[in-house]
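# Close look at the chain arrangement
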Amino acid sequence: MITLIKESDHLKMPWKNQQGSSSQILISPKGSSLAKLDFDYRLSSAPIKSAGPFSPFPGYQRILLPVSGAGFVLNGHPYATFEAAHFSGDEETHCELLKKEVTDLSLIYHPDRISANVRVLNLPFPLTLTLEADKTYLCHLLSGQLTVQGKEVAINETLVVTGEESIHFECQKKTAIAFFTLQAK
């Protein structure tokens, strides 16, 4: 099953620490919430406009991918655009910007229930990927043009792929996708 989440479906909400806001793309399972910390995983995007602390998420793991801007420094370690930072939500995390505002793509997940990873795919031509039907894949379009099974995907839209054995990406040059792989434990 392939579900398209449009940018207009994103839920705008303040950060837990009230120092910014994010667009929640997806939270699972349905009915769970950020406030209750009862979710398995949550995908969101947010502008980081200035240096400061990140909200704590005790018991969760985080993957943070800078998708625009020059990147950032988390607890002294620099991350360039499209370089994923993996860290614990238990840690006190401080962010410094390398230049100016950065937009991130963030996955927060419960490691006792889910394992997760991300890679950025730069697609220079149409491509078919073999998938594992027991995994969930989140495909977020970062740049370019993309069509999947007749569905036009716009920049900042996300495909949720479950139970599929393959996926075919129809794209043009310079298409970039954040490709998350989630496995239930």
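Residues numbered from 1 in each chain as written. Predicted model: local features only at pLDDT ≥ 70, side-chain atom pairs only at ≥ 80, totals over all residues. Heavy atoms only, no water.

- Per an unreviewed UniProt entry, the protein carries the name HutD family protein and comes from Aeromonas sobria.

## Thoughts on the overall build of the protein
- In terms of helices and strands, the protein carries zero helices and 19 strands.
- For the protein, the C-alpha radius of gyration of 16 Å lies close to 16 Å, the compact-globule estimate for 185 residues.
- Counting only C-alpha atoms, the protein reaches 40 × 35 × 30 Å along its principal axes.
- Long-range pairs, those at least 24 residues apart, make up 67% of the contacts in the protein between residues at least 6 apart in sequence.
- Here the protein displays about 9,200 Å² of accessible surface, and carbon together with sulfur accounts for 52% of that area.
- Where the 17 positive side-chain charges of the protein centre and where its 19 negative ones centre are 4 Å apart. (Helix = DSSP H or I, 4+ residues; strand = E, 2+ residues; numbered from the N terminus. Rg over C-alpha atoms; globule rule 2.2 N^0.38 Å. Contact = heavy atoms within 4.5 Å. Areas by Shrake-Rupley, 256 points an atom, 1.4 Å probe, with all protein chains shown as cover. Lys, Arg positive; Asp, Glu negative; His and termini not counted. Charge placed at Lys NZ, Arg CZ, Asp CG, Glu CD.)

## Side note on the sheet that holds strand β6 (residues 61-68)
- Pairing is antiparallel in the open sheet, where six strands are placed in the order β2-β3-β4-β11-β6-β9. Strand pairing shows two members of the sheet lacking a second neighbour, β2 (11-14) and β9 (85-88), which therefore form its edges. Between one strand and the next, the sheet's axes are offset by a mean angle of 30°, whatever the strand orientation.
- Across four bridges, β2 lies against strand β3 (residues 21-28) in antiparallel orientation. Its bridge partner being in β3, P14 is matched across the sheet by S21. (Pairing = 2+ DSSP bridges. Axes fitted to C-alpha atoms, helices over the stretch in contact; angles between N-to-C directions.)

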